[in-house]
Amino acid sequence: MARRKKLYEGKAKVLYEGPEPGTLVQYFKDDATAFNAEKKSVIEGKGVLNNRLSEFFMTGLGQIGVPTHFIKRLNMREQLVRQVEIVPLEVIVRNFAAGSMSKRLGLEEGTPLPRPIIEFSYKDDALGDPLVPEEYIIAFGWASQQDMDDIVALALRVNDFMSGVMHGVGIKLIDFKIEIGRVWDGDFMRLIVADEISPDSCRLWDVETGQKFDKDVFRHDLGNLADAYTEVAKRLGVLPTNVTHAAKPTLIN
Ligand code: TMP
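The rules behind each value
Residues numbered from 1 in each chain as written. Predicted model: local features only at pLDDT ≥ 70, side-chain atom pairs only at ≥ 80, totals over all residues. Heavy atoms only, no water. Near = heavy atom within 4 Å. Areas by Shrake-Rupley, 256 points an atom, 1.4 Å probe, with all protein chains shown as cover. Pairing = 2+ DSSP bridges. Helix = DSSP H or I, 4+ residues; strand = E, 2+ residues; numbered from the N terminus. Axes fitted to C-alpha atoms, helices over the stretch in contact; angles between N-to-C directions. Contact = heavy atoms within 4.5 Å. Phe/Tyr/Trp six-rings, centres within 6.5 Å; stacked < 30°, edge-to-face > 60°. Buried < 20%, exposed > 50% of the residue type's maximum accessible area, 1.4 Å probe, protein only. Lys NZ or Arg CZ within 6 Å of the ring centre and 35° of its normal. Expected span 1.5 Å × (residues − 1).

(A) Local environment of the site of the ligand. Taken together, 14 residues are adjacent to the ligand, and Arg 94, Ser 100, Asp 175, Lys 177 and Arg 203 come closest. Considered on its own, the ligand offers 450 Å² of accessible surface; in the complex 77% of this is hidden by protein.

As structure tokens, this is what we get:
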């Protein structure tokens, strides 16, 4: 079989040419990075968990009418997705203060926000993905005003869906990041949710105990990252069959 063409390799995923024009294969690696790749590790099983979790969230979004790039999962680590032109923004939605917002404003992590707050970072690793105002985005032509209105509407729908799903399994959605892609249907351009939605790009806290089940576990050395993601997958009922603790043989007396 011919080797397929690698189109792009990021910190956590690889994109390969898909089987048909307009499609890509998205491969989830086990690599974990934080603080713009200053901290790096390989977390066995992370890619498998994120492939499943992203499939679960993207499928659910599709079912409520939020367009995404997800087509189908191919295997343990790969999914078929629509090829998009990525809008060079990280779209962050926050429900509770945490991370960089807590630092910037001196707010205790977990402080409820008066309403969901959306912010944008310009996707550029060399610059460390700087926070940018909407004014910059429009002036520099990264997205139009109409695009921004659509992106905000999409982000809020994703937030409502994700908050509800997570709340149903006793997890608080503190914040998350999504990326948006452009697709063309003839001359008509649409914006859809792309990239991934997984505990790599969300903050997820147990409702009762406040325990963290997201990449902060790795960022701040709070425990085993794969165990944290496994807990999320277990609660959502999307645990892959042969990645985690397979049932041990039982002795029959
Ligand atoms: P922050 O508080 O560090 O700005 O992060 C906000 C949210 O965005 C959080 O859920 C983690 C996520 N995020 C990413 O997905 N990628 C990144 O590179 C960063 C900095 C944050």
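(B) How the structure looks around the sheet that holds strand E1 (residues 6-9). Spatial strand order, E1-E2-E3-E7-E6: five strands in an open sheet with antiparallel pairing. The open sheet has two edge strands, E1 and strand E6 (70-73), and neither has a second partner. Taken over all neighbouring pairs, the strand axes of this sheet differ in orientation by 25° on average, direction set aside. In this sheet, strand E3 (residues 23-28) lies alongside strand E2 (residues 13-17) in antiparallel orientation, the contact comprising five bridges. Across the sheet, residue Lys 13 finds its bridge partner in E3, namely Phe 28. Across the sheet, helix H1 (residues 46-63) is in contact with E3, E6 and strand E7 (78-82); its angle to E6 comes to roughly 135°.

(C) Structural view of the packing of aromatic side chains. Enumeration over the complete set of coordinates arrives at four aromatic pairs. Taken together, a centroid distance of 5.5 Å and an interplanar angle of 70° make the contact between Phe 56 and Phe 57 edge-to-face. Residue classification places Phe 56 among the partly exposed residues on the basis of a relative accessible area of 28%. Take Phe 57: its relative accessible area is 1%, and that puts it in the buried class. Ring geometry for Phe 140 and Trp 142: centres 5.3 Å apart, planes at 25°, overall stacked. A residue is classified by how much of its surface remains accessible, and Phe 140, at 57% relative accessible area, is exposed. Here the aromatic cluster, defined as three or more aromatic residues joined through ring pairs, consists of Tyr 122, Tyr 136, Phe 140 and Trp 142. A cation over an aromatic ring shows up here: Arg 4 above the ring of Tyr 16, its NZ or CZ 4.0 Å from the ring centre.

(D) Seen up close, helix H4 (residues 145-168). When the terminal C-alpha atoms of H4 are compared, their 35 Å separation across 24 residues agrees well with the 34 Å that a helix rising 1.5 Å per residue should span. Buried within H4 are the following residues: Asp 147, Met 148, Ile 151, Leu 154, Ala 155, Val 158, Asn 159, Phe 161, Met 162, Val 165 and Met 166. Once H4 ends, the next one or two residues include Gly 170, with phi positive near 75°.

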